[in-house]
Amino acid sequence: MHIAEGFLPPAHAVAWGVASAPFVVHGARSLIRDVREHPGSTLLLGASGAFTFVLSALKLPSVTGSCSHPTGTGLGAILFRPPVMAVLGTITLLFQALLLAHGGLTTLGANVFSMAVVGPWAGYGVYRLLRRYGVPLMGAVFCGAFVADLSTYCVTSVQLALAFPDPGSGFLGALGKFGSIFAVTQIPLAVSEGLLTVLVMRLLVQSSKGELTRLGVLVTSAAGGKRAESAEAVAR
């Protein structure tokens, strides 16, 4: 991920585009509604998009026709929910395809599905599950960002294996090969992204506590009803 321009067979490229489209349309509606209802959140929204753009523009060569890099989608998914991240991720991938030759237009649907759809939903799901069971905020943020990154590459491995099955062992053999090659670079990158996302969240807790409380990232005190979790508590 990103899968390079023209690397997928046309039928696969179209199919992944069709699969991604409903998530992007739904996300666009959610984004427009959120901006209209809470215009003050646009600065944090833009910062989340920039975080995704910068991290996902850093790339290391990996599987032929693809590369490894952080995704940066976990932060935006935690702050604004996965539907909004589908739009931010699609915009990021489109600009990278046009300006950086990173990915491509024919493979945009496949790249959107892995990085802007599955990654945010998987990361957000893990984050919410851990918070529900009392895991401290920063621990849940790390796990959410880690899973968002790693799940993106699991889907990319599936996409490449479907397009290029192994002549002898078929889809499963190709999946094992693609996945094992990605793992060499992607697991350390996922850990690094998790740690960086925690660092950014710590800064946001200090500078944007009110906005994080409105977004539901920080919870109000049961005793006072108005006071958000302290920076010391959420950083545990």
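Per chain, residue numbering runs from 1 following the sequence as it is written. Given that the model is predicted, a residue must reach a pLDDT of at least 70 before its local features are reported, and side-chain atom pairs must reach 80 or more before they are shown or counted; all residues, however, enter totals for whole chains, interfaces and linings. Based on all heavy atoms of the structure, the side-chain values leave hydrogens and waters out of the count.

Novice: Even after reading the chapter, I still don't get the overall build of the protein chain, so can you show me in this structure?
Specialist: Helix and strand counts for the protein chain stand at nine helices and two strands. Ordering the α and β elements of the protein chain from the N terminus gives α-α-β-β-α-α-α-α-α-α-α. The rule is simple: take the accessible area with a 1.4 Å probe, protein chains only, and divide by the maximum for that residue type; under 20% is buried, over 50% is exposed, in between is partly exposed. Counting the 236 residues in the protein chain, one finds 46% classified as buried. The contacts in the protein chain between residues at least 6 apart in sequence include a share of 73% that link residues at least 24 apart. Helix numbering and strand numbering both begin at the N terminus, where a helix is a DSSP run of H or I of at least 4 residues and a strand a DSSP run of E of at least 2. Throughout, a contact is declared for two residues whenever any of their heavy atoms are within 4.5 Å.

Novice: Explain the nonpolar core to me, please; I cannot follow it from the model alone.
Specialist: Proteins that are soluble and globular tend to have nonpolar side chains buried together. Formed by 28 residues in total, the largest nonpolar core has its most connected members in Leu79, Tyr127, Leu137, Met201, Leu212 and Val217. For this core, the secondary-structure elements that each account for two or more residues are helix H2 (42-56), helix H3 (73-80), helix H4 (82-99), helix H5 (108-132), helix H6 (137-163), helix H7 (170-207) and helix H8 (209-215). With five residues, the top contributor of residues to this core is H3. Among buried residues, those of type Ala, Val, Leu, Ile, Met, Phe, Trp, Tyr and Cys that are joined through side-chain atoms within 4.5 Å constitute a nonpolar core. Counting 13 residues, the second largest nonpolar core, distinct from the first, contains Leu8, Trp16, Val155 and Ala163.

Novice: In this structure, what is going on with the environment of Val14? I would like to understand it.
Specialist: Inspection of the secondary structure puts Val14 in helix H1 (residues 10-37). Here Val14 falls in the exposed class, since its relative accessible area comes to 54%. Expressed as a C-alpha distance, the spacing of Val14 and Thr107, which sit 93 residues apart in the sequence, is 8.5 Å.

Novice: How should a nonpolar patch on the surface be read in this particular structure?
Specialist: A grouping of Ile91, Leu94, Phe95, Leu98, Leu99, Leu100 and Leu105 is seen on the molecular surface, where their side chains present a nonpolar patch of about 660 Å² in accessible area. When you line up the elements, Leu100 lands in the loop between H4 and H5. For Leu100, a relative accessible area of 42% translates into the label partly exposed. Patches in this entry comprise residues that are over 30% relatively accessible and not in a salt bridge; like charges within 9 Å are linked, as are nonpolar side chains (Val, Leu, Ile, Met, Phe, Trp, Tyr) within 5 Å. The accessible surface values rely on the Shrake-Rupley method and a 1.4 Å probe; as for residues, cover is taken only from the protein chains in view. Any Lys or Arg side-chain nitrogen found within 4 Å of a carboxyl oxygen on Asp or Glu counts as a salt bridge.

Novice: Can you walk me through unusual backbone geometry in this structure?
Specialist: Among all residues save glycine, negative phi is the norm, and among peptide bonds the norm is trans. With phi around 80°, Arg81 is a residue other than glycine that occupies positive phi space. With respect to the helices and strands, Arg81 occurs in the loop between H3 and H4.

Novice: Mind showing me how you'd approach the confidence of the model for the protein chain here?
Specialist: Confidence per residue, as judged by the predictor, is encoded in pLDDT with a range of 0 to 100. Confidence along the protein chain averages 87 in pLDDT terms, with 89% of residues attaining 70 or more. When pLDDT is averaged over each helix and strand of the protein chain, the minimum, 44, is found for helix H9 (residues 231-234) and the maximum, 96, for H5. Segment residues 222-236 is flagged for pLDDT under 50; beyond a separation of four residues in sequence, or across chains, it makes 28 contacts in the model.

Novice: Sorry, what's going on with the packing of aromatic side chains here?
Specialist: Aromatic ring pairs are defined here through the distance separating the ring centres and the angle between the ring planes. Stacked, edge-to-face and tilted are the three classes for Phe, Tyr and Trp ring pairs, Trp counted by its six-membered ring, which pair at centre distances within 6.5 Å; planes under 30 degrees apart are stacked, over 60 edge-to-face, the rest tilted. Here the structure, examined in full by the defined rule, presents six aromatic pairs. The interplanar angle of 55° and the centroid separation of 5.0 Å between the aromatic rings of Phe7 and Phe164 together place this pair among those described as tilted. One end of the pair, Phe7, is in the segment before H1; the other, Phe164, is in the loop between H6 and H7, with 157 residues separating them in the sequence. Residue classification places Phe164 among the partly exposed positions, given a relative accessible area of 32%. Arranged with centres 6.3 Å apart and planes meeting at 35°, the rings of Tyr124 and Tyr127 form a pair that is tilted. Residue Tyr124 and its partner Tyr127 are located together in helix H5, separated by three residues, close to a single helical turn. In this structure, Tyr124 and Tyr127 share a single accessibility class: buried. Taken together, the ring pairs connect Trp16, Phe23 and Phe113 into an aromatic cluster.

Novice: Help me understand the pattern of salt bridges in this model?
Specialist: Opposite charge on two side chains lets them pair, provided their charged atoms get close. Evaluation of the coordinates by the stated rule reveals two salt bridges. For Lys177, the salt bridge is made with Asp166, and the minimal N-O distance between the two is 2.4 Å. Residue Lys177 is found in helix H7, and its partner Asp166 is found in the loop between H6 and H7; the two are separated by 11 residues along the sequence. Classification of Lys177 by relative accessible area gives partly exposed; the value is 48%. Taking the shortest distance from any N to any O, the salt bridge between Glu211 and Arg214 comes out at 2.7 Å. With Glu211 and Arg214 both in helix H8 and three residues apart, this pair spans about one turn of that helix.

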